[in-house]
Amino acid sequence: MMGRNDEYQSKMEFIDLNDFVPNNHILRLILERIDFSFIYVKMESFYSKLGRKSLDPVLLFKMLLIGYLFNIDSERELEQEVHLNLAYRWFLGLDLTDRIPDHSIFSQNRRRRFKDSAVFQEIFEHIVSLCIEKGLVTGETIVTDSTHIKASASKDQVKRVEVEKTPSQYLNTLEEEAKK
């Protein structure tokens, strides 16, 4: 007899997103080796002591790092990918029911909060340089064509991530995409 999965997916479960992220996943390695707390010190002067709490600036930069490492060139697409990807949520410290920061937060922060300062780009480039220093990414820019390349499918071997753009090129791409 052929089985069918007719069950409705509404049930209460206790899960730990940590269980869904492989030990050799690049985001796990970054979280283990990079201390993002320096961002709070560098950003403190850009935030008021009054009013409601803002989006955590570390979360903002971690999301941008995800976009940079995984070649997500649109803030709208980045928002959607974080919504769908468990490893991204885990890296950001977001649970399944937490709201993902809206794509407009990135462009509004660049245009308003940081418009007269280079701190946004400085922090992002510093994060990428820390990843390079720890051997997590190469720091090399590569260009590829559509030629088929044999994949290295060894699950026990960690490979460094090679990104296609410099941090400033990535931020410029996001800015151009936001203007569209």
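Residues numbered from 1 in each chain as written. Predicted model: local features only at pLDDT ≥ 70, side-chain atom pairs only at ≥ 80, totals over all residues. Heavy atoms only, no water.

With respect to the overall build of the protein
Moving on, step 1. If you tally the helices and strands in the protein, you get 8 helices and 0 strands.
Moving on, step 2. Across the 180 residues of the protein, 37% fall into the buried class.
Moving on, step 3. Pairs at least 24 residues apart make up 70% of the contacts formed inside the protein by residues separated by at least 6 positions.
Moving on, step 4. Only carbon and sulfur atoms are counted for the fraction: they give 47% of the accessible area of the protein, which is about 12400 Å². (Helix = DSSP H or I, 4+ residues; strand = E, 2+ residues; numbered from the N terminus. Buried < 20%, exposed > 50% of the residue type's maximum accessible area, 1.4 Å probe, protein only. Contact = heavy atoms within 4.5 Å. Areas by Shrake-Rupley, 256 points an atom, 1.4 Å probe, with all protein chains shown as cover.)

Details of helix α1 (residues 26-33)
Moving on, step 1. When α1 is considered as a whole, its buried residues turn out to be Ile26, Leu27, Arg28, Leu29 and Ile30.
Moving on, step 2. Elements in contact with the buried residues of α1: α3 (57-69), α5 (86-92) and α7 (119-133).

Considerations on unusual backbone geometry
Moving on, step 1. In this model, asparagine 71 sits at a positive phi of 55 degrees, which is unusual for a non-glycine residue.
Moving on, step 2. Take asparagine 71: its relative accessible area is 37%, and that puts it in the partly exposed class.

Some points on the packing of α3 against helix α4 (residues 75-84)
Moving on, step 1. One way to put it is that α3 packs onto α4 with a least axis distance of 10 Å and a crossing angle of 100 degrees. When the axes of α3 and α4 are compared, the pair comes out roughly perpendicular. Judged by residue contacts, Met63, Leu64, Ile66 and Gly67 of α3 engage Leu78, Glu79 and Val82 from α4.
Moving on, step 2. Residue composition of the contact of α3 with α4, by class: 5 nonpolar, 1 polar and 1 charged. (Axes fitted to C-alpha atoms, helices over the stretch in contact; angles between N-to-C directions. Parallel < 35°, antiparallel > 145°, perpendicular 65-115°, else oblique. Nonpolar A, V, L, I, M, F, W, Y, C, P; charged D, E, K, R; others polar.)

Observations concerning the confidence of the model for the protein
Moving on, step 1. Per-residue pLDDT for the protein averages 82, and the proportion of residues at 70 or more is 86%.
Moving on, step 2. When mean pLDDT is compared element by element in the protein, α5 scores highest at 97, while helix α8 (residues 167-179) scores lowest at 78.
Moving on, step 3. For residues 142-146, every residue scores under 50 in pLDDT, and the model assigns this stretch 3 contacts once sequence neighbours within four places are set aside. (pLDDT = per-residue confidence, 0-100.)

Regarding α8
Moving on, step 1. Across its 13 residues, α8 extends 19 Å between first and last C-alpha, which sits within 8% of the 18 Å expected from 1.5 Å per residue.
Moving on, step 2. Among the residues making up α8, those that are buried are Pro167, Tyr170, Leu171, Leu174 and Glu175. Taken around the axis of α8, the buried residues stretch over an arc of 140 degrees, which confines them to a single face.
Moving on, step 3. Taken together, the buried residues of α8 touch α3, α4, α6 (103-113) and α7. (Expected span 1.5 Å × (residues − 1). Arc of directions from axis to C-beta.)

Regarding the packing of aromatic side chains
Moving on, step 1. This structure, assessed with the given rule, holds 3 aromatic pairs.
Moving on, step 2. Summarising the aromatic geometry, the rings of phenylalanine 36 and phenylalanine 91 are spaced 6.2 Å apart at their centres and angled 80 degrees between planes, so their arrangement reads as edge-to-face. Here phenylalanine 36 is found in the loop between α1 and α2 (38-43), whereas its partner phenylalanine 91 is found in helix α5, with 55 residues between them in sequence. Here phenylalanine 36 matches phenylalanine 91 in class, with each residue buried.
Moving on, step 3. Judged by centre distance (5.2 Å) and plane angle (45 degrees), the rings of phenylalanine 70 and tyrosine 88 are tilted. Taken together, the residues phenylalanine 70 in the loop between α3 and α4 and tyrosine 88 in helix α5 connect sequence positions 18 residues apart.
Moving on, step 4. Residue classification places phenylalanine 70 among the partly exposed residues on the basis of a relative accessible area of 30%.
Moving on, step 5. Between the NZ or CZ atom of lysine 62 and the centre of the ring of phenylalanine 36, over which it lies, the distance is 5.2 Å.
Moving on, step 6. Positioned over the ring face of phenylalanine 91 is lysine 62, at 5.2 Å from the centre of the ring. (Phe/Tyr/Trp six-rings, centres within 6.5 Å; stacked < 30°, edge-to-face > 60°. Lys NZ or Arg CZ within 6 Å of the ring centre and 35° of its normal.)

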